[in-house]
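Structural characterization, general
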Amino acid sequence: MELSELSSWVVSKGLELGADEVASIASYSYSRQIRFANNEVSITNNWDSVSVSILLKKNRRILVSSTTDISRESIEKLLRGMVDAASVVREHESYAPLPEGPFSYATLRGVYDDRVAELGEEAVDYVEAAINSALEAGAERAAGTLTATRLQYSLSTSRGVSATHRKTGISLMVRALADGEAAGMGVSCGASLKDFRPEEAGGKAGELARMSLKVVQADAGKYTTVLGRPAAAVFFDIVAGMASAFYVDSGLSCFTDRLGEQVASETVYVYDDPLVEDGLGSTPFDDEGLPTKRNTIIESGVLRSYLHNSITAKRHGKKSTANAGWIAPHAWNIIVESGNYGDEELISEVKNGLFVNNMTYVRFQDYRAGDFSTIIRDGVFKIENGEIVGAVRRLRLSDNVLHMLKHVRALSRYSQQISHWWMEWGTPSVWTPQLLIEDVNYTLPAR
Amino acid sequence: MEELADFAVDFAQRLGVDYAEARFQVDYENLYVLRNGNPEAVSWTRRRGIGIRVMVDGAFGFASVNELEKSRVENCVKEAVSMARAASKTLKQPLKLSEEEAHEDSWKVEPKISFLDVSLEEKMGYLLEIDKRIADEQEIGVKIPQRLMELTEVITEKYFVNSDGAHISSWTPRVYFMAFLTAYEEGRTEQEFVERGEARGWEALKDWNLPELLVERSKLLGRIIREAQPPPRGKVDLVLGSQVVGLIVHESAGHPYEADRIFGREAAQAGESFLKADMLGQRIGSEVVNVADDPTLEHSYGFYLYDDEGVKARRRLLIKDGIINEFLHNRETAARMGIKSNASARANAFDREPIVRMANTFMLPGDHSFEELLEDIRLGVYIKTFGEWNIDDRRYNMRFVGRECYLIENGELKGLVRRPILEVTTPGLYASIDALDGNLSFEAATCGKGDPVQGIPVWHGGPNVRVRGIEVWR
């Protein structure tokens, strides 16, 4: 059955069984992944997947389900169960109907690449190219993941929405090691092969690993910090996640009760753009069928908007920002507006500071306040009088999201789309320059 | 579906593979979310399909499919084989698997009260009852304006078959509860994260006594805001509570003892290990330190009897009397060390490769009483629960910030202290443990590892433990 037929059948069946509103997404994806470590492939993974997700509303109750058992009998049974359950669950306090369609949607460019869709055994060649590049740049070992996906999905709703979209995505992360602790990381990704540069990612990882061999001392304390793009992507993945109204309302955001406040320095401009060419998260419609659009989250450092679906929008007295997520709204592609500095220039601005390429294992002491610490790695260097003098080990970055946002002083010109494993809040991609942030706090373990 | 899985293995063998396995798995997951007293969602997820793993020319290939027709399964096997073949050219040496007994078995964890026999009304009603109590500022003594609660029930059915002749079926129920609470008073917040989980039916909820537990934890948050004083500075003695000990052994014993991490397979993701394969037999802690990982603990959240490579499960003693004793292995890592697998291979769904995982990791209890641990501490801190936590990617340098903590003075617990910070090394901490009490308890968690990330149910636990001379910061 065609995806659009399937999603539309689910909607009409749900209505027939007694639902007030139904939305259904039927999707098909094929993904290939190559995991590598110690300069060799560890495993190849191939995923062939059809699934159906259902949102059902009845008497102001809300239920969702998702299944990979897509036989008609099984889906009908699921729908019956959802309708029955609706008579029991309590009414949702911020109930809002689905948006009334139909809508017309933007045509996205550069989000489907046949070469990515058909990528087969030649994926191994990309991996080999990345590994060799890392080794040539001075690493001993390279590890990482290459993933290529093609995805097609169809959304139907009982309020007149019928929309289909297809996209591809390719993503490479390389971590190179020059010894057990001297490591570097490089990333290359996009919806298409347009900006996909596996050798560059491998080479960057290898270069940072080689540079990390020369170790210098650094004490705990506050440093002016240049964040490399992988680290900046982790940071703004958190900012984007905390901008979701669901997390704002759950105690998991430092942006709660701060709309309209200066939460960052005036140099900071962050927005969500679902329509950008080559964006891994690009999509013309959200899960409720609304046409997606650019949404400003932070402008000149002021928190302008949370990300909403219809329900959270109602609760906050706003309009949906077309970021559904039926339950939790989320970002599509986060863009951090770049600045005026060259990468080297940014480093030359630092008298006494650090360059941090990656942030991993971010954990919060207090989500509401924004206090966290993170393991920094994959290129952490001391900067003295505008020059990198050596690698630093053992330091842990321990600071606060709002404090860091407020101390952003400069941004580089060159921005890159980044997606990697340590972006734990789930933003599909973050486009970010490097950032110079003052007064960042670091700690050391006791000897 | 069993025939389809059997067919997948036969078909793979006809294509000339070195090894093949197929796992048909269904996970029925029901999730109930209550946010600030509002039923945010009732969510049902059904993940169902077949995952096939082959070894061809010494390389691994995995493929999964959920449209369960023969032609799709055939295609799936062909993809796994052809991609593995292409990957084999990158290998300096072919990968190997340890020789293991092929079991034919079927096992089930029987719930006393099935989830299906408990109405949705009762389940939501239970969450609402808890919420009502903790939202009552009069009873709790502080505002808890943000209360996120999740109740999850999962039933996992598996059928595993491999080219060695193993056939294993299993059926496991699991129930899990999570609460994230934010207390707020005069601009100050304190947050608490509570988790419980077991491989049991609905009867587990009764034993957990969640309303009283959440009321107690909520009241405590208010007390921390109002009463907690700065912790002592400098080197002090510590007593670490079971929750903290459990997390410590999970992160600094369990993870670095995963043999695939030791061999570098997770280098690009969570990282490697400060341990090397030839460090077995070396000292890592004091003689009183024993750490085990055991999938066979009855009703444990990480319970299983055979792993996802068909190997029979048993207890693994990672650290024995302070000595590095055993790693966690699958068949690939075991072959590399010339030993048998100790059944640590787990996959969290049909469409994920099995990788080395923990099950239930804990420090073995000792023979002191809790009071005896406190007795000769002149100045110290009892860190009962933790807030922030992380550890470096070789599992060597850990940091945690205490949540519920008390001053210890001259052998007695005194008042609450606020957010003591510890940053210590793994050997430094383990060498400083000098006594343990007999109060073993566990907490549930979902451990993340692999790419794509696989969240797997685990327990971690321990007794209360005394640690001498650790630097504490504010």
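Rules used in this analysis
- Residues numbered from 1 in each chain as written.
- Chains lettered and ligands numbered in written order.
- Predicted model: local features only at pLDDT ≥ 70, side-chain atom pairs only at ≥ 80, totals over all residues.
- Heavy atoms only, no water.
- Helix = DSSP H or I, 4+ residues; strand = E, 2+ residues; numbered from the N terminus.
- Rg over C-alpha atoms; globule rule 2.2 N^0.38 Å.
- Buried < 20%, exposed > 50% of the residue type's maximum accessible area, 1.4 Å probe, protein only.
- Contact = heavy atoms within 4.5 Å.
- Lys, Arg positive; Asp, Glu negative; His and termini not counted.
- Charge placed at Lys NZ, Arg CZ, Asp CG, Glu CD.
- Phe/Tyr/Trp six-rings, centres within 6.5 Å; stacked < 30°, edge-to-face > 60°.
- Lys NZ or Arg CZ within 6 Å of the ring centre and 35° of its normal.
- Pairing = 2+ DSSP bridges.
- Axes fitted to C-alpha atoms, helices over the stretch in contact; angles between N-to-C directions.
- Buried area = accessible area lost by both parts, 1.4 Å probe.
- Salt bridge = Lys/Arg side-chain N within 4 Å of Asp/Glu carboxyl O.
- Polar contact = N/O pair within 3.5 Å; in protein donor to acceptor, adjacent residues only side chain to side chain.
- Nonpolar A, V, L, I, M, F, W, Y, C, P; charged D, E, K, R; others polar.

**Some words on the overall build of chain A**
Check the secondary structure of chain A and you find 10 helices and 19 strands. Computed over its C-alpha atoms, the radius of gyration of chain A comes to 23 Å, within 12% of the 22 Å expected for a compact globule of 447 residues. Taken over the C-alpha atoms alone, chain A extends approximately 70 × 50 × 40 Å along its principal axes. Across the 447 residues that make up chain A, the buried fraction comes to 66%. Partitioning the intrachain contacts of chain A with sequence separation of at least 6 by distance along the chain shows that 74% fall at a separation of at least 24. Counting 46 positive and 57 negative side-chain charges, chain A places the averaged centre of each group 5 Å from the other.

**Overview of the packing of aromatic side chains**
Summed over the entire model, instances satisfying the criterion amount to 28 aromatic pairs over all chains. Ring pairing ties together the aromatic residues Phe246(A), Tyr247(A), Phe364(A), Tyr367(A), Phe372(A), Trp425(A), Phe180(B) and Phe193(B), which thus form one cluster. In this structure, Arg166(A) is placed above the aromatic ring of Tyr112(A), and the distance from its NZ or CZ to the ring centre is 3.5 Å. One cation-aromatic arrangement involves Lys108(B) over Trp171(B); the distance from NZ or CZ to the ring centre is 4.5 Å.

**Observations concerning the sheet that holds strand S17 (residues 397-402) of chain B**
Residues and elements named next belong to chain B. Pairing within the open sheet is antiparallel, and its 3 strands lie in the order S16-S17-S20. Among the strands making up the open sheet, the edge pair consists of strand S16 (386-391) and strand S20 (421-425). Shown here is a sheet whose adjacent strand axes are inclined to one another by a mean of 15°, direction ignored. The strands that helix H7 (residues 242-254) touches are S16 and S17; relative to S16, the one it contacts most, it runs at about 15°.

**Topic: the pairing of strand S5 (residues 162-177) of chain A**
Residues and elements named next belong to chain A. Within S5, 13 of the 16 residues are buried, which leaves it mostly tucked inside the rest of the structure. The pairing of strand S4 (residues 141-157) with S5 spans 16 bridges and is classified as antiparallel. Opposite Thr 145, over in S5, you have Met 173 as the bridge partner. Taking the residues that link successive antiparallel strands as the turn, the S4-S5 hairpin has 4 residues, and the phi of Gly 160 there is positive, at about 90°. Where S5 meets strand S6 (residues 183-190), 8 bridges bridge the pair, whose relative direction is antiparallel. For Ser 171, the partnering residue across the bridge sits in S6 and is Cys 189. Linkage of S5 to S6, two consecutive antiparallel strands, is achieved through a turn of 5 residues.

**Observations concerning the interface of chain B and chain A**
Think of interface size as the accessible area that goes away when the parts come together; that is how it is often given. Counting residues at the interface gives 86 residues for chain B and 84 residues for chain A. Roughly 7,300 Å² of surface becomes buried between chain B and chain A when both sides are summed, with 49% attributable to carbon and sulfur atoms. Inspection of the region where chain B meets chain A yields 16 salt bridges. In this structure, Glu40(A) and Lys92(B) form a salt bridge, with 3.4 Å as the shortest nitrogen-oxygen distance. If you look at where chain B meets chain A, you find 60 residue pairs in polar contact (both at pLDDT 80 or more). Ranked by residues supplied to the side of chain B that touches chain A, first place goes to strand S2 (residues 38-56) of chain B with 12 residues. Considering only residue class, the side of chain B that touches chain A consists of 33 nonpolar, 22 polar and 31 charged. Inspection of the sheet shows strand S3 (residues 61-67) of chain A paired to S2(B) by 5 bridges, in the parallel sense. Looking at S2(B), one finds that Thr67(A) is bridged to Arg46(B).

**Details of unusual backbone geometry**
Peptide bonds are trans in most cases, and residues, glycine excluded, mostly fall at negative phi. Omega for the bond connecting Gly101(A) with Pro102(A) falls within 30 degrees of zero, at 0°, which places this linkage in the cis form. Relative to the helices and strands, Pro102(A) resides in the loop between helix H2 (72-86) and helix H3 (114-117). Geometrically, the link from Asp451(B) to Pro452(B) is a cis peptide bond, its omega value of 0° lying close to zero. Following the sequence through the fold, Pro452(B) ends up in the loop between strand S22 (441-449) and strand S23 (454-462). The backbone phi angle of Asp378(A) is positive, close to 65°, even though this residue is not glycine. Positionally, Asp378(A) belongs in strand S13 (residues 371-384). Unlike most non-glycine residues, Asn410(B) shows phi in positive territory, near 50°. Residue Asn410(B) is classed as exposed on the basis of its relative accessible area, which comes to 58%.

**Some points on the pairing of strand S2 (residues 40-58) of chain A**
Among the 19 residues of S2(A), 18 are classified as buried, and the element is accordingly described as predominantly covered. Relative to S2(A), strand S1 (residues 21-37) of chain A is paired through 17 bridges, and the arrangement is antiparallel. Bridge assignment links Ala26(A) to a residue of S2(A), and that residue is Val52(A). Count of turn residues in the S1(A)/S2(A) antiparallel hairpin: 2 residues, of which Asn38(A) carries a positive phi of about 55°. Pairing of S2(A) with strand S3 (residues 59-65) of chain B involves 5 bridges; the strand directions are parallel. Directly across from Asn46(A), in S3(B), lies its bridge partner Ala63(B). Where S2(A) lies against S3(A), 7 bridges are found, and the strand directions are antiparallel.

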